[in-house]
Amino acid sequence: GTFAETMLASIDTEFGKKRPLWAEGKSFPKGTYLMQEPGVIAIDVADFVTKTEKDGAAYELLTGYGRSGDALAVLPVGRYYHGDGPSVTYRFAVPKTEEYMLRFYFAPSNPRELNGSVCFGLKLDGGSESIYDIIPEGFRSGDCFNGHWNQGVMINMREKLVPISLTEGVHT
């Protein structure tokens, strides 16, 4: 039941907002977010294109929660999934083939047990799933002298950077 959110506003091709120069004259599926100069795609957490349930659990939108106004949570809470859990899918396009950095923002959730983890899965373009832990090594919950815990409290979020290789075009 980790809460996840992305930050700020978006440029969505379906709502008549300005297109970047690289996208002029190209068509994209409904709901595709376009990379803006200088290389940023900011996707609002509520703008997923599909949502998949698993065993009665699903991502639900929490309106008014989080730094950007909304967040997602898997409900009901307390279940653990490894590989085949509930999911949401986002669609975005990049102008060229190269290395990119995905930046994920989460509410400052803490592990339920000492030395525990809070993980999320990422699957790009239908490929195999990669699992990432948002809890850094050396984290100690509630320890005011622990820099990792302090940072989560002070900025009220956790951040995870994931490097990926993408080809030019649309991705999910």
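Since this is a predicted model, take the numbers as computed values, not measurements.

**Structural notes on the environment of Cys144**
Its location among the elements puts Cys144 in the loop between strand S10 (130-133) and helix H1 (147-155). Residue Cys144 is classed as partly exposed on the basis of its relative accessible area, which comes to 45%. With sequence-adjacent residues up to four places away left out, Cys144 is seen in contact with Trp149 and Asn150.

**Some remarks on the pairing of strand S4 (residues 58-63)**
Of the pairings in the sheet, the one linking S4 to strand S5 (residues 70-75) comprises six bridges and is antiparallel in character. Note that in S5 the partner of Glu60 across the bridge is Ala73. Connecting the antiparallel pair S4 and S5 is a turn made up of six residues, with Gly64 showing a positive phi of about 85°.

**Considering the pattern of salt bridges**
This structure, assessed with the given rule, holds six salt bridges. Here Glu60 and Lys51 are joined by a salt bridge, their closest N and O atoms 3.5 Å apart. Glu159 is the partner of Arg103 in a salt bridge, and the nearest nitrogen-oxygen pair spans 2.9 Å. Here Glu159 lies in strand S11 (residues 158-166) and Arg103 lies in strand S8 (residues 98-106), a separation of 56 residues in the sequence.

**Observations concerning the layout of surface pockets**
When its volume is computed, the second largest pocket comes out at roughly 220 Å³. Lining the second largest pocket are 13 residues; nearest its centre among them are Ile134, Pro136, Gln151, Arg158 and Glu159. Contributions of two or more residues to the lining of the second largest pocket are made by H1 and S11. Here the lining of the second largest pocket is composed, by residue class, of six nonpolar, three polar and four charged.

**With respect to the side chain of Arg91**
Summarising the element assignment, Arg91 is placed in strand S7 (residues 91-94). A distance of 2.6 Å separates a polar side-chain atom of Arg91 from the backbone oxygen of Lys30.

**Things to note about the nonpolar core**
The nonpolar side chains of a soluble globular protein tend to be buried with one another. Ranked by internal contacts, the top residues of the largest apolar core, which has 27 residues, are Trp22, Phe104 and Val162. Only strand S2 (32-34), S7, S8, strand S9 (119-122) and S11 provide two or more residues apiece to this core. Counting residues per element, this core draws most heavily on S8, which supplies four residues.

**Considering the sheet that holds S2**
Read from one edge to the other, the open sheet built from three strands follows the order S2-S7-S12, with strand pairing classed as mixed. On the outer flanks of this sheet lie S2 and strand S12 (169-171), each paired with one strand and no other. Each strand axis lies, on average, 30° off the axis of its neighbour in the sheet, ignoring direction. One ladder, built from three bridges, connects S2 with S7; its direction is parallel. Residue pairing for S7: Tyr33 is matched across the bridge by Phe92.

**Some points on the environment of Ile41**
By secondary structure assignment, the location of Ile41 is in the loop between S2 and strand S3 (50-52). A relative accessible area of 25% means that Ile41 is categorised as partly exposed. Ile41 sits 51 residues away from Phe92 along the chain, and the two C-alpha atoms are 7.7 Å apart. Every residue in contact with Ile41, bar those within four places of it in the chain, is listed here: Tyr33, Leu34, Met35, Phe92, Ala93 and Val94.

**Observations concerning unusual backbone geometry**
Note that the residue after Leu75, namely Pro76, is joined by a cis bond; omega there is 0°. With respect to the helices, strands and loops of the structure, Pro76 is situated in the loop between S5 and strand S6 (87-89). For Asp55, which is not glycine, the phi dihedral falls at a positive 50°. Residue Asp55 is classed as exposed on the basis of its relative accessible area, which comes to 57%. Phi is positive for Asp125, which is not a glycine, with a value near 55°. With respect to the element layout, Asp125 can be found in the loop between S9 and S10. Looking at Asp125, the relative accessible area reads 42%, which means it is partly exposed.

Conventions used here
- Residues numbered from 1 in each chain as written.
- Predicted model: local features only at pLDDT ≥ 70, side-chain atom pairs only at ≥ 80, totals over all residues.
- Heavy atoms only, no water.
- Helix = DSSP H or I, 4+ residues; strand = E, 2+ residues; numbered from the N terminus.
- Buried < 20%, exposed > 50% of the residue type's maximum accessible area, 1.4 Å probe, protein only.
- Contact = heavy atoms within 4.5 Å.
- Pairing = 2+ DSSP bridges.
- Salt bridge = Lys/Arg side-chain N within 4 Å of Asp/Glu carboxyl O.
- 1 Å grid on protein atoms, 1.4 Å probe; cavity = no way out; pocket = protein on both sides within 12 Å on 5 of 7 lines; lining within 4 Å.
- Points joined across faces, edges and corners; volume = space filled by probe spheres on them.
- Nonpolar A, V, L, I, M, F, W, Y, C, P; charged D, E, K, R; others polar.
- Polar contact = N/O pair within 3.5 Å; in protein donor to acceptor, adjacent residues only side chain to side chain.
- Core = buried A, V, L, I, M, F, W, Y, C linked by side-chain atoms within 4.5 Å.
- Axes fitted to C-alpha atoms, helices over the stretch in contact; angles between N-to-C directions.

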